[in-house]
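Report on the structure
The chain contents come next:
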Amino acid sequence: MAHQTVGHPVRPGLPDDPRAGVTEPTPACPVEITLAALHGRWTTLVVRELLRGDRTFTELREALPALSDKVLSERLAHLVRMGVIDRHRRAGWPPRVRYTLTAHGRDLGPVLQALWDWGARHRPLPPGEPGGS
């Protein structure tokens, strides 16, 4: 039997939270907040690298060689604004900047794993295969 709260059964994926009943996306929706944090191509890979440990810009660039410096800079700035990573600048020349995940950023580890697992189970079939478009 499903867990009951306030007379309504709780079903997987449907939280028992008043915000879950919205009729349109809102900035206060927890799912929208999460999607906003992970917004942008390459963002999940930058977070993945930082889940492995603190990194400098150069280390991130080496780990993701197809990612341009411009886009990497944009993704890092976005993640700082979203509170996912911290930017630590060390004095001296040349200046050294290290990026580290915040507690909120580390919380994205299981989220990325869940996204990976779902995608691995529901990968679209290539065109030409039975069931593919």
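Preceding this paragraph is the structure being described.
I will try to describe carefully the structure that is included in this document. (Residues numbered from 1 in each chain as written. Predicted model: local features only at pLDDT ≥ 70, side-chain atom pairs only at ≥ 80, totals over all residues. Heavy atoms only, no water.)

**Concerning unusual backbone geometry**
The condition that has to hold: Helical segments are the DSSP runs of H or I of at least four residues, strand segments are the runs of E of at least two, and each set is numbered from the N terminus.
Of note, the amide linkage connecting Trp93 to Pro94 takes the cis form, showing an omega dihedral of -10 degrees. In this fold, Pro94 is placed in the loop between strand 4 (85–90) and strand 5 (96–101). Residues other than glycine seldom take positive phi values, yet Trp42 does so here, at roughly 85 degrees. Inspection of the secondary structure puts Trp42 in the loop between helix 1 (30–37) and helix 2 (43–51).

**Section: the nonpolar core**
A general feature of soluble globular proteins is that nonpolar side chains tend to end up buried together. Applicable threshold: Take the buried residues of types Ala, Val, Leu, Ile, Met, Phe, Trp, Tyr and Cys, join any two whose side-chain atoms come within 4.5 Å, and each joined set is a nonpolar core. Classification of residues uses two cut-offs on accessible area relative to the type maximum, computed with a 1.4 Å probe and protein chains only: under 20% is buried, over 50% is exposed, and between them is partly exposed. Contacts between residues were defined by any pair of non-hydrogen atoms, one from each residue, lying within 4.5 Å.
Val46, Val47, Leu50, Leu76, Val84, Ile85 and Tyr99 are the most contacted members of the largest nonpolar core, which has 19 residues in total. Contributions of two or more residues to this core are made by helix 2, helix 4 (69–81), strand 5 and helix 6 (108–121). Aside from chain neighbours lying at most four places away, what touches Val46 is Leu60, Leu64, Leu67, Leu72, Arg75, Leu76 and Leu79.

**Details of the pairing of strand 5**
Rule in force here: DSSP calls a pair of strands paired once it identifies at least 2 bridges connecting them.
Sheet analysis places strand 3 (residues 55–56) next to strand 5, joined by two bridges and oriented antiparallel. In the strand pairing of strand 5, Thr56 is matched with Arg98. With six bridges joining them, strand 4 and strand 5 adopt antiparallel strand pairing. Pairing of Arg90 across the sheet is with Arg96, part of strand 5. Hairpin connection between strand 4 and strand 5: a loop of five residues separates the two successive antiparallel strands, and Gly92 in this loop has a positive phi of roughly 115 degrees.

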